[in-house]
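Each chain, written out:
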Amino acid sequence: MGFPALWESLLPLGRDNGTGGYQRFSWTPAGAACRSWFRDVAAERGLRAGTDRNGNLWAWWDPPAAGAVPEPGAALSAQDGAPAWSPGPGAIVTGSHLDSVPDGGAFDGPLGVVSAFAAIDALRERGHSPRRPVAVAAFTEEEGARFGVACLGSRLLAGKADPAKARALTDRDGVTLADAMTAAGHDPDTMGPDETLLAGIAAYVELHIEQGRALGDLGAEVGLASGIWPHGRWRLAFTGRADHAGTTRLADRHDPMLPCAAAILAARDAAAGHEGLATVGKLIPEPGGVNGISSRVTAWLDARAPEESRLNALVGQVLAAARAAASAHGVDLDTSQESFTPAVEFHVGLRDRLAGVLGAGGAATPVLGTGAGHDAGVLAARVPAAMLFVRNPSGVSHSPAEHADQADCLAGVAALAAVLEDLACR
Ligand code: GLV
Ligand code: MN
Ligand code: MN
């Protein structure tokens, strides 16, 4: 099956037909539908599929003479009730994620997973078989949309998140990750770094829609990633005093919305001052009555900058402004860092090798930096990692308007197939 049919088969899952956006949150019915889709696609291809101890999905295309390799369909880890099995050494992993931000676009994540299966199809149609294991991975909770920590599945795998803290993370209804995983039939007690799995990976190559307009400006269908800005998420909880909107004199109020508003404006100024980006995209006022002063307002700051020093200065400025405004309004402020990803410089040797494959006989492939986070950025700390970007004409992402033309998606599949052929089939 080629890319278009595979893409169409995933499109309806988790889509909000009102907005056209996606609500594919981890460990929900929509997330389960995506997971079944992944398993079905793997099974149709005779790829061995399984779930690792952190809930990430894997589908393995094994070399024909792999000796002790289990039968297609055999489990990858103890999570599936079978003995753990190490695929390596030297596996080439590709893929991305299937979860979305609230009302997300169709491409951010799924494009990498669908393209991975389509690239394997293309290689098989051309008669190739791998000389080393090839895996398609779909990492769980990449967006952190339900439990707050971005790239949680790859962080846990790579030993970059504490499993006990992860189990205790809660969604907006107070459901813990441990309970959500258990309800979905996955044992949360097995979460944690998987050194055996990591040791078997020679390289991770993630294909992703571009989340900017650089490739459009350069007239290129596909690009390569150089690195990722350092970025993180901070939670600011302003606690004031609930009261009546129509009777409480201004001087008597402890309204947490006011310092929160000051912090949001300070974030914009700090971002401009430090040549970074800062966003408050999620805000929860409680109890949320139109005619009441809030008792508490929680805001989440997403901040990114070209270097860690500028990011620290940016966030420090926002938190200082938030503290000063909270104090001026008689409001308490509690802040915490929910996730942090240091600057990532992707493996130069791997990138050069990909550039050689993609540029053979043609124009050089553009190399771009990005402010967007990716599982490849987390895994880069443990294994050689690289990324391919596919042109996004408007640059819009994290929105139902996110789009890539089908011809560019097909160019992405061709590029990924060429890369996998080079890395795994020769
Ligand atoms: C992921 O898309 C992120 O950059 O937050
Ligand atoms: Mn995203
Ligand atoms: Mn993504």
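Computed from a predicted model, the values in this text were never measured in an experiment.

Before we move on, could you go through the coordination of the manganese ion (ligand 2) and cite the residues and values that matter?
Only Asp 108 (OD), Glu 143 (OE), Glu 143 (OE) and His 398 (NE2) from the protein coordinate the manganese ion (ligand 2), and they sit 2.0 to 2.7 Å from it. Positions of the donor residues of the manganese ion (ligand 2) along the chain correspond to the pattern D-x34-E-x254-H. Here the manganese ion (ligand 3) and the manganese ion (ligand 2) are spaced 3.6 Å from one another, each receiving a donor from Asp 108. One end of the pair, Asp 108, is in the loop between strand S3 (91-97) and helix H3 (110-125); the other, Glu 143, is in the loop between strand S4 (134-139) and helix H4 (152-157), with 35 residues separating them in the sequence. Judged on exposure class, the residue Asp 108 and its partner Glu 143 are both buried.

How would you summarise the packing of helix H1 (residues 3-10) against H3 if you had to cite specific residues and measurements?
Axis separation between H1 and H3 bottoms out at 9 Å; the angle between their running directions is 145°. Classified by chirality, the crossing of H3 by H1 is right-handed. In this structure, H1 contributes Phe 3, Leu 6, Trp 7 and Leu 10 to the contact, and H3 contributes Pro 110, Leu 111, Val 114, Ser 115, Phe 117, Ala 118 and Asp 121. For the contact of H1 with H3, the per-class residue count stands at nine nonpolar, one polar and one charged.

Tell me about the coordination of the manganese ion (ligand 3), and please be specific about residues and values.
In ideal tetrahedral geometry, four donors around a metal make angles of 109.5 degrees, whereas ideal octahedral geometry with six donors gives angles of 90 or 180 degrees. Looking at the manganese ion (ligand 3), one finds its protein donor set to be His 97 (NE2), Asp 108 (OD) and His 208 (NE2), positioned 2.0 to 2.2 Å from the metal centre. Mapping the donors of the manganese ion (ligand 3) onto the primary sequence gives the spacing H-x10-D-x99-H.

Help me get a handle on the sheet that holds strand S11 (residues 296-304), residues and values and all.
Read from one edge to the other, the open sheet built from four strands follows the order S9-S11-S7-S12, with strand pairing classed as antiparallel. Taken across any chain shown, the strands that pair with only one partner, and hence form the sheet edges, are strand S9 (277-286) and strand S12 (332-341). The average undirected angle you get between the axes of adjacent strands in this sheet is 15°. As paired strands, strand S7 (residues 231-239) and S12 are joined by nine bridges and run antiparallel to one another. Looking at S12, one finds that Thr 239 is bridged to Asp 332. On top of the sheet, helix H9 (residues 257-273) reaches S7, S9 and S11; it is set at about 170° to S9, its chief contact.

Residue-level account of the packing of aromatic side chains, with values.
Here a ring pair, both rings aromatic, is described through the centre-centre distance and the interplanar angle of the planes. Taken as a whole and assessed by the stated rule, the structure comprises seven aromatic pairs. Centroid distance Trp 37 to Phe 117: 6.2 Å. Interplanar angle 80°. Geometry classified as edge-to-face. Of this pair, Trp 37 sits in helix H2 (residues 29-44) while Phe 117 sits in helix H3; the two residues are 80 residues apart in sequence, bridging distant segments of the chain. Overall, the relative accessible area of 6% leaves Trp 37 in the buried class. You can call Phe 117 buried: its relative accessible area is 0%. Members of the aromatic cluster, connected to one another through ring pairs, are Trp 58, Trp 60, Phe 139 and Tyr 204. Over the aromatic face of Trp 300 sits the side chain of Lys 282, whose NZ or CZ is 4.4 Å from the ring centroid.

I'd like a rundown of the nonpolar core, residues and numbers included.
The biggest cluster of nonpolar side chains holds 56 residues, and the ones touching the most others in it are Trp 37, Phe 38, Leu 111, Phe 117, Leu 354 and Leu 388. The residues touching Trp 37, leaving out its near neighbours within four places in the chain, are Leu 6, Ser 9, Leu 10, Leu 13, Leu 98, Val 113, Val 114 and Phe 117.

Hey, could you go over the site of ligand 1 for me, with residue numbers and the actual values?
In the neighbourhood of ligand 1, the contacting residues comprise Asp 108, Glu 143, Arg 304, Ala 372, Gly 373 and His 398. Take Glu 143: an N or O atom from its side chain is 3.1 Å from an oxygen atom of ligand 1. Arg 304 places a side-chain nitrogen or oxygen 2.7 Å from an oxygen atom of ligand 1. Within the complex, 93% of the 190 Å² of free accessible area of ligand 1 lies under protein.

Explain the environment of Pro 64 to me, using residue names and the numbers behind them.
On the secondary structure map, Pro 64 appears in the loop between strand S2 (57-61) and S3. By relative accessible area, Pro 64 is classed as exposed at 66%. Distance in space between the C-alpha atoms of Pro 64 and Arg 132 is 9.2 Å, their sequence separation being 68 residues. Apart from residues no more than four positions distant in its own chain, Pro 64 is found in contact with Ser 129 and Pro 130.

Would you mind going over the pairing of S2 in detail, with residue names and values included?
Burial analysis of S2 places five of its five residues in the buried class, which makes it a mostly covered element. Looking at chain direction, strand S1 (residues 48-51) and S2 are connected through four bridges and run antiparallel. What sits directly across from Gly 50, in S2, is Trp 58. Where S1 folds back onto S2 in an antiparallel hairpin, the turn is made up of five residues, including Gly 55, whose phi is positive at roughly 90°. When S2 meets S4, the two strands line up antiparallel, connected through five bridges. Bridge pairing links Trp 61 to Val 134 in S4.

Criteria and cut-off values
Residues numbered from 1 in each chain as written. Chains lettered and ligands numbered in written order. Predicted model: local features only at pLDDT ≥ 70, side-chain atom pairs only at ≥ 80, totals over all residues. Heavy atoms only, no water. Donors = N, O, S within 2.8 Å, 3.2 Å for Na, K, Ca; no water. Helix = DSSP H or I, 4+ residues; strand = E, 2+ residues; numbered from the N terminus. Buried < 20%, exposed > 50% of the residue type's maximum accessible area, 1.4 Å probe, protein only. Axes fitted to C-alpha atoms, helices over the stretch in contact; angles between N-to-C directions. Left-handed = near helix turned anticlockwise from the far one by under 90°. Contact = heavy atoms within 4.5 Å. Nonpolar A, V, L, I, M, F, W, Y, C, P; charged D, E, K, R; others polar. Pairing = 2+ DSSP bridges. Phe/Tyr/Trp six-rings, centres within 6.5 Å; stacked < 30°, edge-to-face > 60°. Lys NZ or Arg CZ within 6 Å of the ring centre and 35° of its normal. Core = buried A, V, L, I, M, F, W, Y, C linked by side-chain atoms within 4.5 Å. Near = heavy atom within 4 Å. Polar contact = N/O pair within 3.5 Å; in protein donor to acceptor, adjacent residues only side chain to side chain. Areas by Shrake-Rupley, 256 points an atom, 1.4 Å probe, with all protein chains shown as cover.

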